[in-house]
Amino acid sequence: MKISCIIVEDEPLARERLEIYIGKLPTLELKASFDNAIDAFTWLKANKTDLIFLDINLGELSGIQLLESVQISSSVIITTAYPEYALKGYELNITDYLLKPFTFERFLQAIDKVQQNFVSQKQMTHKDYFFVKTETRLQKIFFADVLFIEGMRDYRKIHTTGKPVMTLQTFSEFENELPAGTICRVHKSYMVSIQKIDSLEKDRLYIKDTMIPVSETYRQHLLNIIGRP
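In this report, the structure presented in the accompanying data block is examined. (Residues numbered from 1 in each chain as written. Predicted model: local features only at pLDDT ≥ 70, side-chain atom pairs only at ≥ 80, totals over all residues. Heavy atoms only, no water.)

### Quick look at the nonpolar core
So, point 1. Counting residues in each nonpolar core, the largest one holds 23 residues, and the members touching the most others are Ile6, Val8, Ile52, Leu54 and Val76.
So, point 2. Among the secondary structure elements, those contributing two or more residues to this core are strand S1 (3–8), strand S2 (28–34), helix H2 (37–46), strand S3 (51–54), helix H3 (63–69) and strand S4 (75–80).
So, point 3. Take this core: its biggest share by element is 4 residues, from H2.
So, point 4. In this structure, Ile7, Leu51, Leu98 and Ile111 belong to the second largest nonpolar core, which totals 19 residues. (Core = buried A, V, L, I, M, F, W, Y, C linked by side-chain atoms within 4.5 Å. Buried < 20%, exposed > 50% of the residue type's maximum accessible area, 1.4 Å probe, protein only. Helix = DSSP H or I, 4+ residues; strand = E, 2+ residues; numbered from the N terminus.)

Below is the structure:
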């Protein structure tokens with residue numbers, strides 16, 4: 001399976017190194033390479049790619065701002081010299097975070113994660129359910145039954161049309177395993193079923209009588225999914 005990709009990197013040597021690494025893998029196909037996020041933004045509005053190699057510090061528009069400003073269904077691998085952006089990156093559901101200078105072996109580990117996610121997502125598109133570990137068993141849950149998922153310290157509480165289910169599975173794991181556009185992150189402590197949203201305001205949404213906060217980090221992505229500007 002070919003994985004299409006683009007590079008968004010303003011350092012010429014770092015961009016060249018990525019191009020060399022990509023060229024070594026027949027499974028990767030480099031579609032475009034950009035030295036700024038604005039040109040990448042324009043390209044992504046008209047084109048699709050499976051994977052984005054994205055630097056953080058890119059001048060006028062940062063890598064983080066790019067992720068927040070355009071609907072991106074691609075896998076994203078952050079490439080940066082700054083470890084302090086890692087948490088923010090994972091909040092935006094990146095696949096991996098490579099600290100410069102990284103080796104080819106570390107690059108391969110990141111690509112393996114991308115490939116594993118593609119396989120998992122392909123399998124999930126043929127299912128209308130998923131399993132979560134709760135207590136000593138694996139519990140089957142149908143997508144159509146999910147209302148929202150709430151973070152409660154170490155646990156996630158899956159609110160359904162039936163009984164709620166408690167699990168230690170993380171939000172990042174849910175985001176990687178569940179089909180994009182079905183159950184969406186809207187806050188650091190909440191994911192919601194898109195089909196179950198009754199109304200949406202600036203910083204909150206409602207599912208039945210439950211008010212759920214919507215943070216600025218996830219708002220634009222949510223609007224893109226539901227097809228509103």
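After presenting the structure, the write-up continues.
### Section: the sheet that holds strand S13 (residues 199–200)
The strands making up a sheet associate through backbone hydrogen bonding, with each pair oriented either parallel or antiparallel.
So, point 1. Spatially, 3 strands are ordered S13-S14-S15 in an open sheet, and the strand pairing comes out antiparallel. The strands lining the two open edges of the sheet, one partner per strand, are S13 and strand S15 (210–213).
So, point 2. Where strand S14 (residues 204–207) and S15 come together, 4 bridges link them in antiparallel fashion. In the sheet register, Tyr206 faces S15, and the bridge partner there is Met211. (Pairing = 2+ DSSP bridges.)

### Regarding the pattern of salt bridges
So, point 1. Scanning all chains against the criterion turns up 10 salt bridges.
So, point 2. Residue Glu201 pairs with Arg204 through a salt bridge whose shortest N-O separation is 3.8 Å.
So, point 3. You can call Glu201 partly exposed: its relative accessible area is 38%.
So, point 4. The partly exposed category is assigned to Arg204, whose relative accessible area is 30%.
So, point 5. Asp203 is the salt-bridge partner of Arg204, the closest N and O atoms lying 3.2 Å from each other.
So, point 6. What makes Asp203 partly exposed here is its relative accessible area of 41%.
So, point 7. One salt-bridge network, held together by shared partners, links Glu9, Glu11, Asp55 and Lys100. (Salt bridge = Lys/Arg side-chain N within 4 Å of Asp/Glu carboxyl O.)

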